[in-house]
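# Results of the structural survey
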Amino acid sequence: MEDVKQILDQFKFKGDLIEFKLFGSGHINTTYIATYDENGKVRQYIVQKINSNVFKNIDALMDNVFAVTSFLREKIKANGGNPNRETLHFIKTGDGKKYYTCENGDCYRAYRFVDNSKSVDSVDSPEIFEKSGIAFGRFQKYLSDFPATTLNEIIPDFHNTAVRFEKEFMPAVKEDTQDRAKTCREEIDFVIKRRGDCSRLVDLVKEGKLPLRVTHNDTKLNNVIFDEDTDDAICVIDLDTVMPGLALYDFGDSIRFGANTCAEDEKDISKVAIDLDYFKAYAKGFLSEAGGSLNPCEIDNLAFSAKLMTFECGMRFLTDYLNGDTYFRTAYPEHNLVRARNQFALVKDMEDKMDEMEEIIKSIKIS
């Protein structure tokens, strides 16, 4: 890291520095927490080195982050909430910039640490999963009238499953650069048989039935922070992939991550299933906040979106396996293939339970 004092001085934090150390469990950006004593009161700030290898256009990313958090602050105020706790408060540098660039090109940003808060890494109960659904549902509700098309597309076609099928998966199968296709014919066939699913949501967008909205695109449980005392969800964090998309993407990916009965790289696929209690809990929480801002077509496709996001993720794992593991970090040569088989087993179980999933959505009262 560059000179710590030089970086911290850019953000004009008040008080005397007590401690500066690594913080959190993120895999992309490098995160630190800075603790200050301001006239006897402890204040903490998060300072992050943004991974410029992953995020090529940091100006665009930070423009999105400031636009969305500023909008959220006004919405939270209007609804009688506390914007200092219910959304991130990013801090500009002393010369008014949204991040600081060091002489070596490293980029740093800062925001206030939310006091008396904690993060949770694993979904251990339907109750905590429901609370994360409330947080992401509220995020969607408050941003429902934000002009999504004004945001920058940080990762083009990130959840365009049809594009991923045509431009990434099929070329990987045809080129077979690592001579691995022979080891996964069944999985390749699984994807090809579901080709029609890939375009369902994007076709509904073209037909004007699904609106573009502000989407988070990384709706893992540890991207929600909770109150240390009450365990209530406070706000959504990690806004690097906020961009135009579909509310269904965020809902579906939450279910893929949180309602699987085991880890996404469990080798014994007989253990893989969707837990309908967890599905119902998250859907109940999400719709309690976002339900009134979604249109009927969005609500009708919530259950399907869980299947599609799981299918897309499995297809991405399989694509990376065929390409020689160039994107996802792996622990052993077949890791991505194991992940793909796991996700496809979850897809199959969702297909078997789709009627039940859709009935659960219908049973949830939306005010």
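Residues numbered from 1 in each chain as written. Predicted model: local features only at pLDDT ≥ 70, side-chain atom pairs only at ≥ 80, totals over all residues. Heavy atoms only, no water.

The strand order E7-E9-E10 describes an open sheet built from three strands, whose pairing is antiparallel. Each edge of the open sheet is held by one strand with a lone partner, namely strand E7 (117–119) and strand E10 (233–236). Ignoring strand direction, the axes of neighbouring strands in this sheet form an average angle of 35°. The pairing of strand E9 (residues 224–227) with E10 spans three bridges and is classified as antiparallel. (Pairing = 2+ DSSP bridges. Helix = DSSP H or I, 4+ residues; strand = E, 2+ residues; numbered from the N terminus. Axes fitted to C-alpha atoms, helices over the stretch in contact; angles between N-to-C directions.)

Oppositely charged side chains are able to pair whenever their charged atoms sit close together. Applying the stated criterion to the full structure yields 29 salt bridges. Between Arg43 and Glu38 there is a salt bridge; the shortest N-O distance is 2.6 Å. For Arg43, a relative accessible area of 32% puts it in the partly exposed group. Across the salt bridge formed by Asp179 and Lys182, the nearest N and O atoms sit 3.0 Å from each other. For Asp179, a relative accessible area of 45% gives the class partly exposed. Overlapping salt bridges, with partners in common, bring together Arg194, Asp197, Lys307 and Glu351 in one network. (Salt bridge = Lys/Arg side-chain N within 4 Å of Asp/Glu carboxyl O. Buried < 20%, exposed > 50% of the residue type's maximum accessible area, 1.4 Å probe, protein only.)

The next subject is the environment of Val338. Along the polypeptide, Val338 turns up in helix H13 (residues 335–363). On the basis of relative accessible area, Val338 is assigned to the buried category, the value being 11%. Here Val338 is in contact with Asp265, Glu266, Lys267 and Tyr332, once residues within four sequence places are set aside. (Contact = heavy atoms within 4.5 Å.)

Now for unusual backbone geometry. In the Ramachandran plot, Asn39 falls in the positive-phi region, its phi being about 55° despite a non-glycine side chain. One can find Asn39 in the loop between strand E2 (30–38) and strand E3 (41–50). At Asp325, a position not held by glycine, the phi torsion is positive, near 60°. Along the chain, the position of Asp325 falls in the loop between helix H12 (302–323) and H13.

Here the focus is the layout of surface pockets. As a volume, the second largest pocket reaches approximately 420 Å³. Around the second largest pocket, the lining comprises 19 residues; the ones closest to its centre are Arg43, Gln44, Tyr45, His89 and Arg112. Contributing elements (two or more residues each) for the lining of the second largest pocket: E3, helix H3 (83–86) and strand E4 (90–91). For the lining of the second largest pocket, the residue count by class is eight nonpolar, four polar and seven charged. (1 Å grid on protein atoms, 1.4 Å probe; cavity = no way out; pocket = protein on both sides within 12 Å on 5 of 7 lines; lining within 4 Å. Points joined across faces, edges and corners; volume = space filled by probe spheres on them. Nonpolar A, V, L, I, M, F, W, Y, C, P; charged D, E, K, R; others polar.)

Next up on the list: H12. Taking 1.5 Å as the rise per residue, H12 with 22 residues should run 32 Å; its terminal C-alpha atoms sit 31 Å apart, in good agreement. Counting buried positions over the 22 residues of H12 gives 21, a clear majority of the element. Once H12 ends, the next one or two residues include Gly324, with phi positive near 95°. (Expected span 1.5 Å × (residues − 1).)

For helix H5 (residues 161–175), built from 15 residues, the straight-helix expectation of 21 Å at 1.5 Å per residue is met to within 8% by its first-to-last C-alpha distance of 20 Å. Its maximal kink placed at Phe169, H5 deviates by approximately 30°, while the proline Pro171 follows within four residues. All buried positions along H5 are accounted for by Thr161, Ala162, Arg164, Phe165, Phe169, Met170, Ala172 and Val173. The inward-facing, buried residues of H5 abut helix H6 (185–193), helix H7 (195–198), helix H8 (200–206) and H12. Backbone geometry just after H5 places Asp176 at a positive phi near 45°. (Bend = angle between axes of the 7 residues up to and from the residue.)

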